[in-house]
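Report on the structure
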Amino acid sequence: MKVLTNRVLGLGLMLVLALAVEGCGTSYGRYDVVVSMDPALTSQPGGAPSVAVHIIGVNNDTSVGELSAKSMSEYWKPGDKFKQDLAGSRYEMSFGPRDSGPKTLKKTDPIWGKWDRPVKLFILADLPGAHSDQPGDLDGRRKSLPLETSRWDGDRIEIQIQRSRIQVLTKMNPEKK
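These numbers come from a predicted model, not from an experiment. All chains use their own residue numbering, which begins from 1 and follows the written sequence. Side-chain atom pairs in this predicted model are given and counted only at pLDDT of 80 or more, local residue features only at pLDDT of at least 70, and totals for whole chains, interfaces and linings cover all residues. Only hydrogens and water are set aside; all other atoms, that is, all heavy atoms of the structure, feed into the side-chain values.

Moving on, we get to the overall build of the chain. A helix here means a DSSP run of H or I that spans at least four residues, while a strand means a run of E at least two residues long, and both kinds are numbered starting from the N terminus. Assigned secondary structure in the chain consists of six helices and eight strands. Traced from its N-terminal end to its C-terminal end, the chain shows the element sequence α-β-α-β-α-α-α-β-β-α-β-β-β-β. Taking all 177 residues of the chain together, 37% fall into the buried category. When checking whether two residues touch, look at their non-hydrogen atoms; a contact exists if any pair is within 4.5 Å. The contacts of the chain with a sequence gap of at least 6 include a subset with a gap of at least 24, amounting to 66%. Exposure was quantified through the Shrake-Rupley algorithm and a 1.4 Å probe, taking into account, for residues, occlusion by the shown protein chains and nothing else. Element-wise, carbon and sulfur atoms account for 55% of the exposed surface of the chain, whose accessible area totals about 10,400 Å². Think of it in three bands: with a 1.4 Å probe and only protein chains considered, a residue is buried below 20% of the maximum accessible area for its type, exposed above 50%, and partly exposed in between.

Right, here's the structure in full:
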């Protein structure tokens, strides 16, 4: 009986160690996030439209699920409670006719510390025109980006705000299986 107990304990310990080693293989990074407007938007008569961009880092599956499911039409309405709850933990950018140049969230910005080792970065944009709500990245006003260092070459992610969507310009490496 003692031999069987030792074997079970030994197998359990090996399983715990294997899971620990597997979990240690993923590292997450901070990146300079450069957001620019599509030249097609900035060159239209009257100049670029007004576009608000919110960047939010999340570090758990619950927050990822909530942000992925949130109606973007509701989020961008004045007074949205969900958006208000995120006020202290989001990075904001504003674009418009007189200010349409690229903007950068630096990897050294203190907001990264507030996010406490985020695993995903959400880019939300109040795009001009009518849009229908869709879940996750199917909604052009929302883009979620993994922050695993293996997914990005370098420490810079370039994003472009287009008329109907948020486009990631930086090549993202495939997920490692």
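Having seen the structure, we can now continue with the description.
Here we take up the environment of Gln167. Mapped onto the elements, Gln167 comes out in strand β8 (residues 166-168). Along the backbone, Gln167 and Arg142 are 25 residues apart, and their C-alpha atoms lie at a distance of 9.8 Å. Leave out the neighbours within four places in its chain, and Gln167 touches Glu158, Ile159, Gln160 and Gln162. Polar contacts involving the side chain of Gln167 include one to the side chain of Arg165, which spans 2.6 Å. The definition of a polar contact used here is a pair of N or O atoms within 3.5 Å, where within protein one atom must be able to donate a hydrogen and the other to accept one, and adjacent residues in sequence count solely through side-chain atom pairs.

Attention now moves to the pattern of salt bridges. Counted as salt bridges are all cases of a side-chain nitrogen of Lys or Arg within 4 Å of a carboxyl oxygen of Asp or Glu. Taken as a whole and assessed by the stated rule, the structure comprises nine salt bridges. Its salt-bridge partner being Glu74, residue Lys70 comes within 3.3 Å of it at the nearest N-O pair. According to the relative accessible area criterion, Lys70 is buried, its value standing at 13%. It is possible to trace a salt-bridge network through shared partners that takes in Lys70, Glu74 and Asp80.

Whether parallel or antiparallel, the strands of a sheet pair through hydrogen bonds between backbone atoms. Taken in spatial order, the four strands make up an open sheet running β3-β2-β5-β6, and their pairing is antiparallel. Looking along the sheet, the strands with just one partner apiece sit at the ends: β3 (91-95) and β6 (142-146). Averaged over all pairs of adjacent strands, the angle between their axes in this sheet comes to 15°, without regard to strand direction. Strand pairing is assigned whenever DSSP identifies at least 2 bridges connecting the two strands. Bridging between strand β5 (residues 120-125) and β6 involves five bridges; their strand directions are antiparallel. The partner of Lys120 across the bridge, within β6, is Pro146. Axes, fitted as lines to C-alpha atoms, cover a helix only where it is in contact. Angles between the N-to-C directions of the axes lie from 0 to 180 degrees.

Next up on the list: the sheet that holds strand β7 (residues 156-161). An order of β4-β1-β7-β8 is seen for the four strands of this open sheet, with the pairing classed as mixed. Single-partner strands in this sheet number two, and they are β4 (103-105) and β8. Adjacent strand axes in the sheet meet at a mean angle of 25°, parallel and antiparallel pairs treated alike. Here strand β1 (residues 32-37) pairs with β7 via six bridges, running parallel. Residue Val34 lies in a different strand from β7, and its bridge partner there is Glu158.

Right, let's get into unusual backbone geometry. A positive phi angle, near 55°, is found at Asp116, a position not held by glycine. One can find Asp116 in the loop between α6 (111-114) and β5. Here Arg117, not a glycine, exhibits a phi torsion of approximately 60°, which is positive. Considering the arrangement of structural elements, one finds Arg117 in the loop between α6 and β5.

As a general feature of sheets, a regular strand has side chains that alternate between the two faces. Of all six residues in β5, five are buried; the element is thus mostly enclosed. As judged from the six bridges shared by strand β2 (residues 51-58) and β5, these two strands associate in the antiparallel manner. By the bridge assignment, Val53 is partnered in β5 with Ala125.

Moving on, we get to the environment of Lys120. With respect to the helices, strands and loops of the structure, Lys120 is situated in strand β5. Between the C-alpha atom of Lys120 and that of Pro146, which follows or precedes it by 26 residues, the distance is 4.6 Å.

So yeah, pure geometry; function would need other evidence.
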